[in-house]
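Residue-level structure breakdown
Chain by chain, the residues run as shown.
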Amino acid sequence: MEETMKLPTMEDTVEYCLFLIPDESRDSDKHKEILQKYIERIMTQFAPMLVPYIWQNQPFNLKYKPGKGGVPAHMFGVTKFGDNIEDEWFIVYVIKQITKEFPELVARIEDNDGEFLLIEAADFLPKWLDPENSTNRVFFCHGELCIIPAPRKSGAESWLPTTPPTIPQALNIITAHSEKILASESIRAAVNRRIRGYPEKIQASLHRAHCFLPAGIVAVLKQRPRLVAAAVQAFYLRDPIDLRACRVFKTFLPETRIMTSVTFTKCLYAQLVQQRFVPDRRSGYRLPPPSDPQYRAHELGMKLAHGFEILCFKCSPHFSDCKKSLVTASPLWASFLESLKKNDYFKGLIEGSAQYRERLEMAENYFQLSVDWPESSLAMSPGEEILTLLQTIPFDIEDLKKEAANLPPEDDDQWLDLSPDQLDQLLQEAAGKKESESVSKEEKEQNYDLTQVSESMKAFISKVSTHKGAELPREPSEAPITFDADSFLNYFDKILGPRPNESDSDDLDDEDFECLDSDDDLDFETHEPGEEASLKGTLDNLKSYMAQMDQELAHTCISKSFTTRNQVEPVSQTTDNNSDEEDSGTGESVMAPVDVDLNLVSNILESYSSQAGLAGPASNLLQSMGVQLPDNTDHRPTSKPTKN
């Protein structure tokens, strides 16, 4: 019946905590009451932004969490954001704004990956900071990102902990030294770049589309627009058992379908559109031919109706009446509603008007999910909520048909079909990279300098690598690492032989050892006579071994696989008349120096060409170093021609 099916995966979650500082009443009986008042103030003050937001899975919520295991009592929330990463970053923005509006609060936030704020700013973190020692160091305070540093030297700063601090220690440090723990400007800029544009960005993340839906669903979505997310998820994560409910529809009959406008998030819309699905013939849902102008509206409506039917199917028809208890029965509702009025949530609407009642319904739903029962067993499931609305909300199909005649235009969905250039631009913007000048693609290809490839690879090789990975030289202007590479390479040149632009002689004179006077080099004067003789003997053996390898390779075809300097530059003298090889009269051939840069570039370009425009090792490595190769316009075969 269907061609593809999405299997459920582990849902991504984000957790956030808000602590009160200074907090002398941390262990008093009044602390719970104080924190609950803060929850009410926060949720009412941010209600105009949070109420209309369409969440992928779960909304932003706060509840009181008592102290346990050395962690003081605090406000706590957890949200499953699933596939919509924008929900997570919107919560980051909300948390940041809360600490800005309430300076006496500090916040921590992390997800399944741990300190994801540090992951976002990984390119700018100090060397000492890693996942092992980052616990309880990252906070939001006064609307700014703070990182509790580690002491550079023992005893340098007595207030800095040498090990990851506990929550009480971190709160004391933030209280006493909030100015000294502010994260660097580059780290804060990396995080702020992800949350830039909120709250206006919320509207840009929405997509309005026409859908051909049963009248009952149209009435439900008018009262609860957020239920579109639950319906999309039910369809997106369907299984064969769920589809049994869709063989014959019992709740949303296809005969009652009318055209309406539905507001999705772009993530929800993409999930619904990209699913390929053929309805059961017994369901009664028939689709027009793909050439029909309204085919997309019929297809979206059919998929969405399946999601709503699945939600109602999972709900027991005899669900408890206690779950249908009115929100207004909660003791917190009266004060919550009064706070909404003080924050001008109703925008001066006349009490009792249609728009007033609509906003009141949204506030009641928001209060139930985020304030009163965020994790309570009394909270209704989406299916129960839909059935309750169908029983309590009167609607007239004829009135809905009249509204269908004056629908607003739907949004363009061309953002689903990005060209490769547009995708590259989005990735660069996400990484914080923008072109300083608008240069055409053709001009960039004409002016491309292949020396960037060899220079980037040299910079990559010079970086430090450990079992944890290698450092990537992302920016050409990045300062070099504090490592005496010249002394290090100079010493090994004397051991392994000269580089191509140096003498071919393998002899090590006594004068050669006089240049090894760097602190990073070996100092033979510090060795005992016996140790010096043993070390020099080891060097002589290694030199002899390397010379023997050169002689063996000279009689093979290995040299033909490399491009030598003699092949690209005319030389007047191919051998050194003073070399030991000619004086000895052995007649052994001398291997010409290899052009390392040319071989490096040609091999990388050959590998890049063989990728045929797809991802591969060459492009991945170069892009990680900030090198963007132009498109391959030479379609000649990359394989070497065979000899006749």
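These figures come from a predicted structure and were not determined experimentally.

We now examine the overall build of the protein. Counting secondary structure elements, the protein contains 25 helices and ten strands. Sorting the 644 residues of the protein into buried and exposed places 37% on the buried side. Expressed as a percentage of contacts within the protein between residues at least 6 apart in sequence, the contacts between residues at least 24 apart total 77%. Accessible surface for the protein amounts to roughly 37700 Å². Of this, 51% is attributable to carbon and sulfur atoms.

Another point: a nonpolar patch on the surface. Taken together, the side chains of Leu418, Leu423 and Leu426 define a hydrophobic patch exposed on the protein surface, amounting to about 250 Å² of accessible area. Inspection of the secondary structure puts Leu418 in the loop between α16 (397-404) and α17 (420-430).

Let us look at the sheet that holds strand β6 (residues 144-147). What the six strands build is an open sheet, ordered β2-β3-β1-β4-β5-β6; its pairing is antiparallel. What marks the edges here is a single partner per strand, and that holds for β2 (63-65) and β6. Within this sheet the neighbouring strands show an average axis-to-axis angle of 35 degrees, counted without direction. With four bridges connecting them, strand β5 (residues 138-141) and β6 associate as antiparallel partners. Bridged to Cys141 within β6 is Glu144. Its contacts with the sheet place helix α5 (residues 167-176) against β1 (13-20), β4 (105-111) and β5, and it is angled at close to 40 degrees to β5.

Moving on, we get to the packing of aromatic side chains. Pairs of aromatic rings are described using the distance from one ring centre to the other and the angle between the two planes. Under the definition given, this model contains 13 aromatic pairs. Ring geometry for Trp89 and Phe116: centres 5.3 Å apart, planes at 75 degrees, overall edge-to-face. Taken as a pair, Trp89 in helix α3 (residues 85-101) and Phe116 in helix α4 (residues 116-120) lie far apart in primary sequence, 27 residues in all. Seen in terms of ring centroids, Phe252 and Phe308 are 6.0 Å apart; in terms of plane orientation they differ by 75 degrees. Their pairing is edge-to-face. Taken as a pair, Phe252 in the loop between α10 (240-244) and β8 (257-265) and Phe308 in helix α12 (residues 295-314) lie far apart in primary sequence, 56 residues in all. Following the ring pairs from residue to residue traces out a cluster consisting of Tyr53, Trp55, Phe90, Tyr93 and Tyr198. Over the face of the ring belonging to Phe76 we find Lys65, whose NZ or CZ atom lies 4.2 Å from the ring centre. Over the ring of Trp415 we find Lys266; its NZ or CZ atom is 5.3 Å from the centre of that ring.

Core analysis: the largest hydrophobic core is formed by 60 residues, its most contacted members being Ile42, Phe60, Phe90, Ile98, Ile109 and Leu117. It is α3 that provides the largest number of residues to this core, a total of eight residues. Contact partners of Phe90, with chain neighbours within four places excluded, come to Met49, Leu50, Tyr53, Trp55, Tyr198 and Ile202. Ala230, Phe252, Val273 and Phe277 belong to the second-largest nonpolar core, a separate cluster that totals 45 residues.

Moving on, we come to the environment of Glu361. Locating Glu361 in the fold gives a position in helix α14 (residues 354-372). Residue Glu361 is classed as partly exposed on the basis of its relative accessible area of 27%. Spatially, the C-alpha atom of Glu361 lies 7.1 Å from that of Gln223, the residues being 138 residues apart in sequence. Contact partners of Glu361, with chain neighbours within four places excluded, come to Gln223 and Arg224.

Analysis parameters
Residues numbered from 1 in each chain as written. Predicted model: local features only at pLDDT ≥ 70, side-chain atom pairs only at ≥ 80, totals over all residues. Heavy atoms only, no water. Helix = DSSP H or I, 4+ residues; strand = E, 2+ residues; numbered from the N terminus. Buried < 20%, exposed > 50% of the residue type's maximum accessible area, 1.4 Å probe, protein only. Contact = heavy atoms within 4.5 Å. Areas by Shrake-Rupley, 256 points an atom, 1.4 Å probe, with all protein chains shown as cover. Patch = residues over 30% accessible without salt bridge, like charges linked within 9 Å, V, L, I, M, F, W, Y side chains within 5 Å. Salt bridge = Lys/Arg side-chain N within 4 Å of Asp/Glu carboxyl O. Pairing = 2+ DSSP bridges. Axes fitted to C-alpha atoms, helices over the stretch in contact; angles between N-to-C directions. Phe/Tyr/Trp six-rings, centres within 6.5 Å; stacked < 30°, edge-to-face > 60°. Lys NZ or Arg CZ within 6 Å of the ring centre and 35° of its normal. Core = buried A, V, L, I, M, F, W, Y, C linked by side-chain atoms within 4.5 Å.

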